[in-house]
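# Structural description and commentary
Chain by chain, the residues run as shown.
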Amino acid sequence: MGSGIFIDPKTLPHDAGGAIQLFFLLAIYGKILMDASHMISEGSELLLLVPALAGVVGSVVLPVLGAVPDGAIVLFSGMGEDAQEELTIGVGALAGSTIMLLTIPWFLSVVGGRVHIDPTTGLALYKRPHGASKTWSKIPTKLNLKYNGVGILPSIRTMALILILSAGNYLIIQIPAFIYASDPSVHELANDERPWALFGLVTTVMSFTLYLLYQWKISGSDELKNDKIAEITVKNIHSGKISLLGAFGPEFEQALREHHALRQYSIEGRVGEVEGGRVGAEIDLSVSGNRAGLLSPENYGSVSDQDMQSEKHLLKAAVMERLKQICRPFFYRYDRDFTGTLDKSEVSQLFADLGEVPDGEELDGFWEKYDKDKDGNLDFIEFLELVIDHSLKVLHDGHPSGRRESCRSLDRWEEGVEGEERRVGSTRREEDEDAEEEIPEDLKDLPWEMQQSRLKRRSLYMMAVGTMMILVFSDPLIGVLSEVGKRTGIPAFYISFVLSPLVSNGAEVLAAYAYSQRRSSKTISISLSTLMGAALMNATFVLFIFLLLIYVKRLAWTFSAETIAILVVQSVVGLMALSKSQNLWSALLILGLYPFSLGLVYVLENILGFD
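Residues numbered from 1 in each chain as written. Predicted model: local features only at pLDDT ≥ 70, side-chain atom pairs only at ≥ 80, totals over all residues. Heavy atoms only, no water.

## Thoughts on the nonpolar core
Counting residues in each nonpolar core, the largest one holds 73 residues, and the members touching the most others are L102, W106, M532, F546 and W557. Element by element, the count of residues in this core is highest for helix α21 (residues 521-552), at 16 residues. Residues contacting F546, with those up to four places away along its chain left out, are V74, L87, G90, V91, L94, W557 and F559. (Core = buried A, V, L, I, M, F, W, Y, C linked by side-chain atoms within 4.5 Å. Buried < 20%, exposed > 50% of the residue type's maximum accessible area, 1.4 Å probe, protein only. Helix = DSSP H or I, 4+ residues; strand = E, 2+ residues; numbered from the N terminus. Contact = heavy atoms within 4.5 Å.)

## A look at the sheet that holds strand β5 (residues 581-583)
Paired through backbone hydrogen bonds, the strands of a sheet run either parallel or antiparallel to each other. Taken in spatial order, the three strands of this open sheet run β1-β2-β5, and their pairing is antiparallel. Both edges of this open sheet fall to β1 (115-116) and β5, since each of them pairs with a single strand only. (Pairing = 2+ DSSP bridges.)

## Points about the packing of helix α22 (residues 560-576) against helix α23 (residues 584-606)
One way to put it is that α22 packs onto α23 with a least axis distance of 8 Å and a crossing angle of 165°. Comparing the axis directions of α22 and α23 gives the class roughly antiparallel. Along this stretch, α22 crosses α23, giving a crossing that reads as right-handed. Packed against α22, whose contacting residues are A561, E562, I564, A565, V568, V569, V572, V573 and M576, the element α23 presents S586, L589, I590, L593, F596, S597, L600, V601, L604 and E605 at the interface. Residue classes in the contact of α22 with α23 are distributed as 15 nonpolar, two polar and two charged. (Axes fitted to C-alpha atoms, helices over the stretch in contact; angles between N-to-C directions. Parallel < 35°, antiparallel > 145°, perpendicular 65-115°, else oblique. Left-handed = near helix turned anticlockwise from the far one by under 90°. Nonpolar A, V, L, I, M, F, W, Y, C, P; charged D, E, K, R; others polar.)

## Let's talk about the side chain of S500
Positionally, S500 belongs in helix α19 (residues 492-504). If we ignore the near neighbours within four places in the chain, the residues touching S500 are I73, A93, L481 and I495.

## Some points on the environment of E483
Structurally, the position occupied by E483 is in helix α18 (residues 448-488). Separated by 461 residues in the primary sequence, E483 and L22 have C-alpha atoms spaced 8.2 Å apart. Each residue touching E483, except ones within four places of it in the same chain, is listed here: P9, K10, H14 and L22. Only 2.9 Å separates the side chain of E483 from the side chain of R487, close enough to count as a polar contact. (Polar contact = N/O pair within 3.5 Å; in protein donor to acceptor, adjacent residues only side chain to side chain.)

## Thoughts on unusual backbone geometry
With a phi close to 55°, K374 is a non-glycine residue in the positive phi region. In this fold, K374 is placed in the loop between α14 (360-370) and α15 (380-397).

## Considering the packing of aromatic side chains
Under the counting rule described, the total for this entry stands at 13 aromatic pairs. The interplanar angle of 75° and the centroid separation of 5.2 Å between the aromatic rings of F493 and Y494 together place this pair among those described as edge-to-face. Neither F493 nor Y494 differs from the other in exposure class; each is buried. Residues W557 and F559 carry aromatic rings whose centres are separated by 5.6 Å and whose planes lie at 85° to one another, so their mutual orientation is edge-to-face. Aromatic rings pair up to connect F493, Y494, F497 and Y594 into one cluster. (Phe/Tyr/Trp six-rings, centres within 6.5 Å; stacked < 30°, edge-to-face > 60°.)

## A word on helix α3 (residues 68-77)
For α3, the tally of buried residues reaches nine of 10 residues, placing the bulk of the element in the interior. Along α3, the residues classified as buried are V68, P69, D70, G71, A72, I73, V74, F76 and S77.

## Let's talk about a nonpolar patch on the surface
Together, W196, F199, V202, M206, L210 and L213 make up an exposed nonpolar region whose accessible area comes to about 600 Å². In this fold, L210 is placed in helix α8 (residues 186-218). We classify L210 as exposed; its relative accessible area is 55%. (Patch = residues over 30% accessible without salt bridge, like charges linked within 9 Å, V, L, I, M, F, W, Y side chains within 5 Å. Areas by Shrake-Rupley, 256 points an atom, 1.4 Å probe, with all protein chains shown as cover. Salt bridge = Lys/Arg side-chain N within 4 Å of Asp/Glu carboxyl O.)

## As for the packing of α8 against α21
Contact geometry of α8 with α21 gives a least axis separation of 9 Å together with a crossing angle of 150°. In terms of orientation, α8 and α21 fall into the roughly antiparallel class. In the crossing of α8 with α21, the sense of the turn from one axis to the other is left-handed. Across the interface between the two elements, R194, A197, L198, G200, L201, T204, V205, S207, F208 and Y211 of α8 pack against G533, L536, M537, A539, T540, F541, L543, F544, L547, L548, I550 and Y551 of α21. Grouping the amino acids of the contact of α8 with α21 by side-chain chemistry returns 16 nonpolar, five polar and one charged.

## Remarks on the pattern of salt bridges
A full pass over the atoms with the stated rule returns three salt bridges. Note that K31 and D35 form a salt bridge whose closest N and O atoms lie 2.7 Å from each other. Highlighted residues: K31 and D35, both in helix α1 (residues 16-47), separated by four residues, approximately one helical turn. Notably, a salt bridge pairs D364 with K344, separated by 2.7 Å at the nearest N-O pair. Residue D364 is located in helix α14, and its partner K344 is located in helix α13 (residues 344-353); the two are separated by 20 residues in the primary sequence.

## Overview of the confidence of the model for the protein chain
Summarising the model, the protein chain shows a mean pLDDT of 75, and 68% of its residues fall at 70 or more. Contacts from residues 267-309, a stretch scored under 50 in pLDDT, to residues over four places away or in other chains number 69 contacts. (pLDDT = per-residue confidence, 0-100.)

In structure tokens, the structure reads:
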């Protein structure tokens, strides 16, 4: 620590000036590691926008990279000359991260995502109950600790069971620590615990692998994961990092072109009849009939009418099926009340997230055109037609911004009213020039393949730089934390318990709270699953690193009080998450577990003589 580019905190003066320097180093290293954690999180999220990688990223990459900061702190805490002493910083990071994730952001998520709870059934009300007045809102206007809360989906209850089971990994090393607690020296205790540490290495690897395999297995059908991918996609469309069509991919664009050709064929009535003549060419979807490559009628060509009609119906079914598969996650993402339809507020939110704000007249126009059954809502098929028309407009105009009169101008465009289209297009281009300043030049309006390439390069760069920063600055941070503990008289465990999670888990906390504020059963489930997933990584991936240090460096596991605190919090939160809803009273109880765990460690160590 005394050599190299970093200041050795032990050499700082033992006066007020030295204390200021020490805390300045703590702030600088903490800020660097916090930024590095955010870079890893944002970089891995960008990979979710690459369809070929979304499954493996969501199920494997995101959980592992999220645990890298805590794992690095644990690793470097056991690599120094005073490894046995500084390992308390590592266990502080492990315990603090696990307990903080399962308490403070959990409480904030329940408060932020709270809705009414039915006094009779005990279920959270995400849609208007039968017989409720038209002024009813799922968002409570007054706090009610008993009848305000959130609903918990079955997938979260499954995660809760896995969380409870993963606590068994701690017992594999903790039970021998109880048995050999009377050993006369730390060296003998380390030798007695060593075989159990090896056994724990095996079980943590197995648990880690099984959890990732489970995530991989459900990645294709997990609605929550698909909803999270849609959420991240919308965020990046809104920020200008990708375009609407870039998010959907080339399959969607090609399917759109085919759909447009088939729809235009139906409008024309007969294929290839242009000014009384017939063109004898096969359908070519790559012809650039205009700047977007959309076909004009003379490009369609014809075979016999009977054969073409048969092929058209087969092609139309296949095209619509592809469009449905691509758009379905977005429909679920905006169906906040789980009714299977979208109302005007949900559709308005969709366009707002895309950077466009339709006024009341435009929304009424949407409903007039797309609400075929006139029930006041759009079902999935009606929603699909809206997305198709909007995306065709994007293809034609070349940019998604400024969607005023887009539906009407799309109709005029398909009907061939070129003069009006040029006027609208000119206005839109002027609006686009004003809006384009916020969109990164390197990704704006690029072809899909180039966007995907840039996304992957940017993602890998952010993850690599973030990981490198964590590996470089974790060791000096540990030295500073240790020195702060010595100079303040506060055990390093408590300092690491409080400060390390702020550095390593800030991204999870912010993401969980942001998801919960959308107030749907799906978004609150995303919030809670994010928090439990991070805790599961601590009980497998991070604990594996800890046990590896114990085994390889022949260190002793002398952290019974800390382990008991982790087990209590993990078990209580897991059991409480097995219910179908959770009210504010339950959230307050979970929040209280954070100070309770600190007090429990103090009592066990200083009064009952543990460790």
